[in-house]
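Coordinates in review
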Amino acid sequence: MSTYTEKIREISQRLLKECKVEMVIGFRQGTLPMMNEPCIVRKPEEVERLVWDSNCGINLANYLTNRKEKIGVVAKGCDSRNIVTHILENKIKREQLVIIGVPCQGMIDKRKIAAGVQGEILSVAEADGEVTVQTAAGAQTFKKAEVLQQNCSVCTHRNPVIHDEMVAEPVAEQTGVDPYADVAAIEAMSAEERWKFFEELLAPCIRCYACRNACPLCYCPTCFVDESKPQWVGKGQDPIDVRTFHFLRAYHCAGRCTDCGACERACPVGINMRLLTKKLNKDCLALYGWEAGLAEDKRPALDTYKANDPENFIH
Amino acid sequence: MKNLLELMGIEADRIHFSWISSAESTKFVKVVNEITAKVKALGPNQRFVKQAAKVA
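Everything numeric in this text was worked out from a predicted model, so none of it was measured. (Residues numbered from 1 in each chain as written. Chains lettered and ligands numbered in written order. Predicted model: local features only at pLDDT ≥ 70, side-chain atom pairs only at ≥ 80, totals over all residues. Heavy atoms only, no water.)

**Focus: the pattern of salt bridges**
Formally: Here, a salt bridge means any side-chain nitrogen of Lys or Arg that lies within 4 Å of a carboxyl oxygen of Asp or Glu. Every helix listed is a DSSP run of H or I at least four residues long, and every strand listed is a run of E at least two residues long, numbered separately from the N terminus. Working definition: with a 1.4 Å probe on protein chains only, accessible area under 20% of the residue-type maximum means buried, over 50% means exposed, and in between means partly exposed.
One pass over the full model with this rule turns up 25 salt bridges over all chains. Two residues, Arg-274 of chain A and Glu-264 of chain A, come together in a salt bridge whose shortest N-O distance is 2.6 Å. Placement of Arg-274 of chain A in helix H10 (residues 274–288) and of Glu-264 of chain A in helix H9 (residues 262–266) is noted, with a sequence separation of ten residues between them. Look at Glu-264 of chain A and you get buried, because its relative accessible area is 17%. Look at the salt bridges and you will find they share partners, linking Glu-192 and Lys-196 of chain A together with Glu-11, Arg-14 and Arg-47 of chain B into a network.

And the structure:
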């Protein structure tokens, strides 16, 4: 992983020195362990700030929207798919970008680590598929595979789909994983159980909209929840308003979501709202054979008409 | 959208989509009758209904 950091710095320095880009968007060490934050580097001598490890789960495509500069951007598999989506939706031009591809081996779920240790986490280090967590009480080691973010553990697009530079050889893609097992489990419930399931799932929501803000798809100048004329949805903690927000937020991501997990990662109360977006991903794949962000020359499923589009929901 | 509503626990027969031309009056009547029959069978909707705030 540290070789990734060196390679990212080397490539970024070269791009900035040769004036190929005006800025590089990457990650820097966060002020807390496991909280790496996005970072914009504009000068070659500043590239030392850039780092890479398994705590870079934020989706950097979110920082490209409507930018006018030439940009170098560090991208793992999911970020690259969201960059493709951005290009398709005219939020950035391909010519503006130099994509520094990072073959990804999954990001660590900070909640899983926090649940597994006692007391405050002082530092987290990783090597050879193991994660060592230092707390005041001592050191504890986890297998990285066991503390991955759930979306990473079922990811089948770890390598960037588009890139201009690569920091390492592509990694082997996971096979034999079922990304939609959790959605299928909910589908198997009765309507009554499903209603209850989501009632409990969404009950802790405080309407902070961190999920929306972390999402690279949510770039509307004014979000529907912030509109007041007309007011589409109540702004309080009413369970129906909360559910309406989550339902519509997910629906706005239909055929666009790459399951990067930024929403769940950003949630301060740990709601797995990905279950909703994943249902849409599952249906998009089953009904239209569509997965978001895999090709620059294909129009999205909800953007095209085919004579054989499924229509059995219409009377 | 229907699939996602159903995932959230809305009954399958509660929401219907149809495409009816303005010239298809008989289809319109047929579809409306079918839908009302299905929804009546389900009874009053209890889900996705916002209760008015209780004022003392």
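Still to come is the rest of the account.
**Some details on the nonpolar core**
Residue and element names in this part refer to chain A. For clarity, the cut-off: Put simply, buried Ala, Val, Leu, Ile, Met, Phe, Trp, Tyr and Cys residues joined by side-chain atoms within 4.5 Å make one nonpolar core. Contacts between residues were defined by any pair of non-hydrogen atoms, one from each residue, lying within 4.5 Å.
Trp-52, Leu-64, Ile-71, Val-73, Ile-83 and Leu-97 are the most contacted members of the largest nonpolar core, which totals 39 residues. Elements supplying a minimum of two residues to this core: helix H1 (2–17), strand E1 (23–28), strand E2 (37–41), strand E4 (71–75), helix H2 (77–88) and strand E5 (97–101). Sort the elements by how many residues they give to this core and H1 lands first, with five residues. In this structure Ile-71 touches Val-21, Met-23, Ile-25, Leu-64, Ile-92, Gln-96, Leu-97 and Val-98, once residues within four positions along its chain are discounted.

**As for the interface of chain A and chain B**
Accessible area lost on assembly of the parts is the figure often given for the size of an interface. Inclusion rule: A simple way to read buried area is as the amount of 1.4 Å-probe accessible surface that goes missing from two parts once joined, with both sides added. Polar contact is defined as a pair of N or O atoms within 3.5 Å, subject to the rule that within protein one atom must be able to donate a hydrogen and the other to accept it, and that residues adjacent in sequence are counted only when both atoms are side-chain atoms.
Taken together, the contacts link 27 residues of chain A with 24 residues of chain B. Both sides together, the interface formed by chain A and chain B hides about 2200 Å², and carbon and sulfur atoms give 70% of it. It is Trp-195, Phe-247 and His-315 of chain A that lose the most area in chain A upon contact with chain B, and together they represent 34% of the buried surface on that side. Taken together, the links from chain A to chain B amount to two salt bridges. The interface formed by chain A and chain B contains five residue pairs in polar contact (both at pLDDT 80 or more). Counting residues per element, the ones that place at least two in the side of chain A that touches chain B are helix H5 (181–187), helix H6 (191–202), helix H8 (239–251) and H10 of chain A.

Treat this as a map of the structure, not an account of what it does.
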